[in-house]
Amino acid sequence: MNNFVYDIPTKVYFGKDEELNVGKYLKEFGATKVLLHYGGHSAEKSGLLEKVRKAMTDEGIPFVELGGVRANPTIDLVRKGVRLAVDENVDFILAVGGGSVIDSSKAISHGAANPDVDEWDLQTQKVPFTKSLKKGCILTIAAAGSEMSDSCVISDDKIHAKKGINCPQNRMNFAIEDPCLTYTVPAFQTGCGAVDITMHTLERFFDIGDHTDLTDAIACAVMRENNKAGKKCIEDPTDYNARATMMWASSLAHNDLTGLGRHKFLQLHQFEHPLSGMYPEIAHGAGLSALWPAWARYNMPYNKTRWGKFAHDVWDVDVDSDHPEIGASKAIDMQVDYYRSIGMPVTLRELSDKITENDLVTLADIVSQNGKRVLDGPKPLNRDDILQIYREAY
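These notes cover the structure that comes with them. (Residues numbered from 1 in each chain as written. Predicted model: local features only at pLDDT ≥ 70, side-chain atom pairs only at ≥ 80, totals over all residues. Heavy atoms only, no water.)

Once that is clear, we can look at unusual backbone geometry. Positive phi is not limited to glycine here, since Asn-89 has a value of about 55°. By the secondary structure assignment, Asn-89 is in the loop between α4 (75-87) and β4 (92-97). Even without being a glycine, Asn-370 presents a positive backbone phi close to 55°. Mapped onto the elements of the fold, Asn-370 is located in the loop between α15 (357-368) and α16 (383-393). (Helix = DSSP H or I, 4+ residues; strand = E, 2+ residues; numbered from the N terminus.)

Here it is as structure tokens:
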């Protein structure tokens, strides 16, 4: 087991109607003026935003608002949020939404605390920083895990780039998680969430490391139970226990718990980010599901024993220790069939008819930095490997 530091400062308020207490929680964290940040019309239409406004008003907390966050949040909106936060002397950012809104809020909190630095320079780590405003979230979809992660991913449409940054300043001060708020999430988005949750854990499971039996047991339980809950949530959107399992799995999958003692890299995410950076309309989870079968089948022969463990512990497949690749291949097929059953694409052609074969070369160049970068992992992937996986996914 590798050395690790596990520091999760995010306080979680989990359960029904916890969002009604957001004003009290903001006071606990010393908020004196809040930027309320959210996405489109769903939070308004559902009445959630009005509840949040009332909760802050009842506690005497002034606030300003900025909506309009889309999937694959943009640096342009981040810049707008930073200007608003600075002009209004905001000291707390409150995100109401899913991973895109939360990531946008994180980037705004960094920019507002460092107003003399370009926001993209912060996001791309061109300029290091230590200061950030306090921030919290009310989660409305179980998916990205941004509510407890140290990750923030932002897109710049002008240069077709999507960049992630990992740092302690990305941790939320608090996260409110009411499973009932996810009842109205459409089936497709629920499916995308189920994919993203599993991938956050599965990629950690296949990162480099040994003798991580306890971490492995937690990781396999998260993957197994998330698979079950995702299917139930699509079949019955108001199944509270399934929604609760999926929401908590989202947080556990990306707060680093499921990969402790292993070298974190998330190889598959390196494939997906430039894809949805090139085509912002592509949902991140759908991009992952379209790429995963090819990535899994390409990598499995180089790590047969661990793939056999995945087959046994997640999919209850009998695995022959002398030939673990047989059980591993069966489990990969079962995961692919599962994604089909919840309406997720399993090839790039199914994902989007805009993707061309020429795009695959461009994507491989982006991921490999024109052949200068090798993706770390049990099977290090050079440009040729990366291009082959894109082609097999097509």
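This brings us to the packing of helix α12 (residues 304-315) against helix α13 (residues 324-341). Angle between the axes and distance between the axes: these two values describe a pair of packed helices. Where α12 meets α13, the axes come as close as 8 Å, and the angle between the chain directions of the two elements is 50°. It follows that α12 is oblique to α13 by the angle criterion. The handedness of the crossing between α12 and α13 comes out as left-handed. Between α12, through Lys-304, Thr-305, Trp-307, Gly-308, Phe-310, Ala-311 and Trp-315, and α13, the contact on the second element is made entirely by Pro-324, Glu-325, Gly-327, Ala-328, Ala-331, Ile-332, Met-334, Gln-335 and Tyr-338. (Axes fitted to C-alpha atoms, helices over the stretch in contact; angles between N-to-C directions. Parallel < 35°, antiparallel > 145°, perpendicular 65-115°, else oblique. Left-handed = near helix turned anticlockwise from the far one by under 90°. Contact = heavy atoms within 4.5 Å.)

This next bit is on the pattern of salt bridges. A full pass over the atoms with the stated rule returns 26 salt bridges. Across the pair Lys-54 and Asp-58 runs a salt bridge, and its minimum N-O distance is 2.8 Å. Taken together, the residues span about one helical turn, with Lys-54 and Asp-58 both in helix α3 (residues 48-58) at a distance of four residues. Under the relative-accessibility criterion, Asp-58 is labelled exposed at 52%. Put simply, Lys-158 and Asp-76 hold a salt bridge, and the shortest N to O gap is 2.9 Å. (Salt bridge = Lys/Arg side-chain N within 4 Å of Asp/Glu carboxyl O. Buried < 20%, exposed > 50% of the residue type's maximum accessible area, 1.4 Å probe, protein only.)

What follows concerns the sheet that holds strand β2 (residues 34-38). Strand order across the open sheet formed by six strands is β1-β8-β5-β4-β2-β3, with parallel pairing between neighbours. For this open sheet the edge positions go to β1 (11-14) and β3 (63-66), each flanked by a neighbour on one side alone. Mean inter-strand twist for the sheet, computed between neighbouring axes without regard to direction, equals 15°. (Pairing = 2+ DSSP bridges.)

Right, let's get into helix α5 (residues 99-113). For α5, which comprises 15 residues, the first-to-last C-alpha distance of 21 Å matches the rise-based estimate of 21 Å (1.5 Å per residue) to within 8%. With respect to burial, α5 is a largely interior element, 14 of its 15 residues being buried. (Expected span 1.5 Å × (residues − 1).)

Counting buried positions along strand β6 (residues 151-156) gives six out of six residues, so the element sits mostly inside the fold. The alternating pattern of β6 places Ser-151, Val-153 and Ser-155 and Cys-152, Ile-154 and Asp-156 on opposite faces, both of which are buried. From the end of β6 to the start of strand β7 (residues 161-166), which pair antiparallel, there are four residues, and His-160 there has a positive phi angle of about 50°.

With that settled, the discussion passes to the side chain of Asp-359. With respect to the secondary-structure elements, Asp-359 resides in helix α15. Buried charge Asp-359 goes without a salt bridge, the closest partner of opposite sign being Lys-354 at 10 Å. At 2.9 Å, the side chain of Asp-359 and the backbone nitrogen of Thr-356 are in polar contact. With residues near it in sequence (within four places) discarded, Asp-359 still touches Met-278, Tyr-279 and Lys-354. (Lys, Arg positive; Asp, Glu negative; His and termini not counted. Polar contact = N/O pair within 3.5 Å; in protein donor to acceptor, adjacent residues only side chain to side chain.)

Right, let's talk about the nonpolar core for a bit. Counting 99 residues, the largest nonpolar core has Phe-271, Trp-292, Trp-295, Trp-307, Phe-310, Leu-348 and Tyr-390 as the members making the most contacts within it. When residues of this core are assigned to their parent elements, the largest contribution, nine residues, is made by helix α11 (residues 284-299). The residues touching Trp-307, leaving out its near neighbours within four places in the chain, are Phe-206, Trp-292, Trp-295, Ala-296, Asn-299, Met-300, Ala-328 and Ile-332. With 23 residues, the next largest nonpolar core counts Tyr-13, Phe-29, Leu-36 and Phe-92 among its residues. (Core = buried A, V, L, I, M, F, W, Y, C linked by side-chain atoms within 4.5 Å.)

Right, let's get into the packing of helix α8 (residues 213-235) against α12. Interhelical geometry of α8 versus α12 gives an angle of 50° and a closest axis separation of 9 Å. Our classification of the angle between α8 and α12 gives oblique. Handedness of the crossing formed by α8 with α12: right-handed. Of α12, the residues touching α8 (which contributes Asp-216, Cys-220, Met-223, Arg-224 and Asn-227) are Arg-306, Lys-309, Phe-310, Asp-313, Val-314 and Trp-315. Its residues assigned to classes, the contact of α8 with α12 shows five nonpolar, one polar and five charged. (Nonpolar A, V, L, I, M, F, W, Y, C, P; charged D, E, K, R; others polar.)

Looking now at the packing of aromatic side chains. Applying the stated criterion across every chain, the model contains 16 aromatic pairs. Both rings, one in Phe-206 and one in Trp-307, keep their centres 3.9 Å apart while their planes meet at 20°; by these two values the pair is stacked. Here Phe-206, found in the loop between α7 (187-205) and α8, pairs with Trp-307, found in helix α12; they are 101 residues apart in sequence, far enough to count as distant. Note on accessibility: Phe-206 and Trp-307 belong to one class, buried. An angle of 80° between the planes, with centres 5.7 Å apart, marks the rings of Trp-307 and Phe-310 as edge-to-face. Of this pair, Trp-307 and Phe-310 both sit in helix α12, three residues apart, which is roughly one turn of the helix. Taking the relative accessible area as the measure of exposure, Phe-310 reaches 0% and is therefore buried. (Phe/Tyr/Trp six-rings, centres within 6.5 Å; stacked < 30°, edge-to-face > 60°.)

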